[in-house]
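Listed below, chain by chain, are the residues.
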Amino acid sequence: MTELKNVRFEKDGAIAQITIDRPKALNALNYETLQELLYCFGLLEKAREITAVVLTGGGEKAFVAGADIAYMQELDAMAAADFAGLGHTVMTAIEKLPQPVIAAVNGFALGGGCELSLACDIRIASENAKFGQPEVNLGVIPGFGGTQRLPRLIGKGLASELLYTGDIIDAAEALRIGLVNRVVPADQLMATCREMAKKIASKGPIAIRLCKKTVNTGVEMDLDRANSYEAIQFGQCFASKDQKEGMQAFLEKRAADFQGK
Ligand code: HXC
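To keep things clear, this report deals only with the structure shown in the data block. Nothing here was measured: the structure is a model prediction, and the numbers come from that model.

### Details of a nonpolar patch on the surface
A cluster of nonpolar residues, Ile69, Leu138 and Val140, forms a patch on the protein surface that exposes about 260 Å² of accessible area. Relative to the helices and strands, Ile69 resides in helix 2 (residues 69–72).

### Section: the pairing of strand 5 (residues 101–105)
In terms of burial, strand 5 is a largely internal element, five of the five residues being buried. Here strand 5 shows a buried face lined by Val101, Ala103 and Val105 and a second buried face lined by Ile102 and Ala104. Where strand 3 (residues 52–57) and strand 5 come together, four bridges link them in parallel fashion. Bridge assignment links Val53 to a residue of strand 5, and that residue is Val101. Examined bridge by bridge, strand 5 and strand 7 (residues 122–126) share four bridges and lie parallel to one another. Bridge assignment links Ile102 to a residue of strand 7, and that residue is Ile122.

### Some points on unusual backbone geometry
We note that Leu26 has phi near 50°; this positive angle belongs to a residue other than glycine. By secondary structure assignment, the location of Leu26 is in the loop between strand 2 (15–20) and helix 1 (31–46). For Leu26, a relative accessible area of 24% puts it in the partly exposed group. Despite not being glycine, Lys253 has its phi angle at roughly 55°, a positive value. Structurally, the position occupied by Lys253 is in the segment after helix 11 (241–251). Lys253 gets classed as exposed once you look at its relative accessible area, which sits at 76%.

### Let's talk about the site of the ligand
Neighbouring the ligand are 23 residues; Lys61, Ala65, Ala67, Ile69 and Gly112 lie closest to it. In the model, a nitrogen atom of the ligand is placed 2.9 Å from a nitrogen or oxygen of the Ile69 main chain. At 2.8 Å, a backbone N or O of Gly112 approaches an oxygen atom of the ligand. Starting from 1000 Å² of accessible surface for the ligand in isolation, the protein chains cover 62%. The set of elements that each furnish at least two residues to the shell around the ligand consists of helix 2, helix 3 (77–96), strand 6 (108–110) and helix 4 (112–119).

### Brief notes about the nonpolar core
Grouped together as the largest cluster of nonpolar side chains are 48 residues, with contacts concentrated most on Ile18, Leu37, Phe41, Leu55, Phe131 and Leu179. The leading source of residues in this core is helix 3, at six residues. Not counting residues within four places of it along the chain, the set of residues in contact with Leu55 comprises Ile18, Ile20, Leu37, Phe63, Ile94, Val101, Ile102, Ala103, Ala104, Leu116 and Cys120. Judged by nonpolar contacts, the second largest core, of 15 residues, contains Leu189, Met196, Ala197 and Ile208.

### Structural notes on the sheet that holds strand 9 (residues 168–170)
What the four strands build is an open sheet, ordered 4-6-8-9; its pairing is mixed. Every interior strand has two partners, whereas the edge strands, strand 4 (62–64) and strand 9, have only one. Direction aside, neighbouring strands of the sheet carry axes that sit 20° apart on average. In this sheet, strand 8 (residues 130–132) lies alongside strand 6 in parallel orientation, the contact comprising three bridges. Looking at the pairing, Leu110 lines up with Gly132 of strand 8.

### Observations regarding the side chain of Ser126
Mapped onto the secondary structure, Ser126 falls in strand 7. On the basis of relative accessibility, which here comes to 1%, the residue Ser126 falls in the buried class. Within polar-contact distance, the side chain of Ser126 engages the side chain of Asn128 at 2.4 Å. The residues contacting Ser126, other than those within four sequence positions of it, are Val105, Asn106, Gly107, Ala171, Val183, Val184, Ala186 and Leu189.

The rules we used
- All residue numbers refer to positions counted from 1 along the written sequence of the respective chain.
- Predicted model: local features are reported for residues with pLDDT of at least 70 only, side-chain atom pairs are reported and counted for 80 or more only, and whole-chain, interface and lining totals are derived from all residues.
- For side-chain calculations, the full set of non-hydrogen atoms in the structure is used, while hydrogens and water are omitted.
- Patches draw on residues past 30% relative accessible area with no salt bridge. Two like charges within 9 Å are joined, as are two nonpolar side chains (Val, Leu, Ile, Met, Phe, Trp, Tyr) within 5 Å.
- Surface exposure here means Shrake-Rupley accessible area, sampled with a 1.4 Å probe, where a residue is shielded only by the protein chains that are shown.
- Salt bridge, as used here: a side-chain nitrogen of Lys or Arg that lies within 4 Å of a carboxyl oxygen of Asp or Glu.
- Counting from the N terminus, the helices are DSSP H or I runs at least four residues long and the strands are E runs at least two residues long.
- Relative accessibility decides the category of a residue: with a 1.4 Å probe and only protein chains considered, values under 20% of the type maximum give buried, values over 50% give exposed, and everything between is partly exposed.
- Here, strands pair whenever DSSP counts at least two bridges between them.
- We call a residue near a given molecule or strand whenever any one of its heavy atoms falls within 4 Å of it.
- Pairs of N or O atoms within 3.5 Å make up the polar contacts considered here, provided that, within protein, one atom can donate a hydrogen while the other can accept it, and that residues adjacent in sequence are counted only when both atoms are side-chain atoms.
- Put simply, a nonpolar core is a bunch of buried Ala, Val, Leu, Ile, Met, Phe, Trp, Tyr and Cys residues held in one set by side-chain atoms that sit within 4.5 Å of each other.
- Throughout, a contact is declared for two residues whenever any of their heavy atoms are within 4.5 Å.
- What counts as an axis is a line fitted to C-alpha atoms, over the stretch in contact for a helix, and the angles between N-to-C directions run from 0 to 180 degrees.

This is the structure in structure tokens:
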């Protein structure tokens, strides 16, 4: 892919920012946009110099207002299932990225947009953000993982209410039910996310990568297996120079100089 039309990919030192940028359609996810996101995640997969990612929506109003309804309208059952499958590939790619991804939710995060935020590691919302899974209003169910990730994040009861009523909730309610980590004024959203990304990027890159992998793999296991998995990944850290540097720096009462090796 040589040209990105609907997505912007920017790098600033160890931080990457991905902006879904179709503001006229409130950044709705069509086939092309999902492909462009996958392309960006492919770049990140190989970008060892990047240690944290911020994902946001272009324009003033929306993070992502959902999968593109105009695109989906004419799909038959097979094509719709394929489209959902592509969405799942994108969401899973986020979870498997070596870098933590912070969703900077700057407005509507509905349907596929809410699902996109759920695949991210951390969600920070602006005060004007709105969340919901309004698919039932369209005669469909969520298809990018909302029926699965939402109950895992906020619990089955609260998730069921959002999924069955299609209600749209504001940022304060999203914070109350644990759907977002923080709510900040709109004009502080990107600075807050970048600050958190920078803080993450200042840690040992190998530790961050293994930590994300262990969280995302372990939550799908029973506790005994997950703890064993954690022990193996903990051991992996000791094969790195960063572990030696981190512990030595502590004992020498100085800041660690992590090299990601
Ligand atoms: C396509 C969309 C869109 C979407 C908004 N637009 N959301 N286009 N798909 N999901 C377009 C509108 O058609 C309009 O285009 C422009 O963006 C601005 O939107 P308005 O509706 O005029 O804005 P506003 O009145 O402020 O209302 C904002 C809104 C509303 C409340 C967010 O747009 C809305 O309800 N959107 C749909 C939300 C939704 O149902 N999402 C779930 C989709 S299903 P024009 O050309 O008229 O200016 C889904 C399934 C995922 O996500 C799984 C798939 C497998």
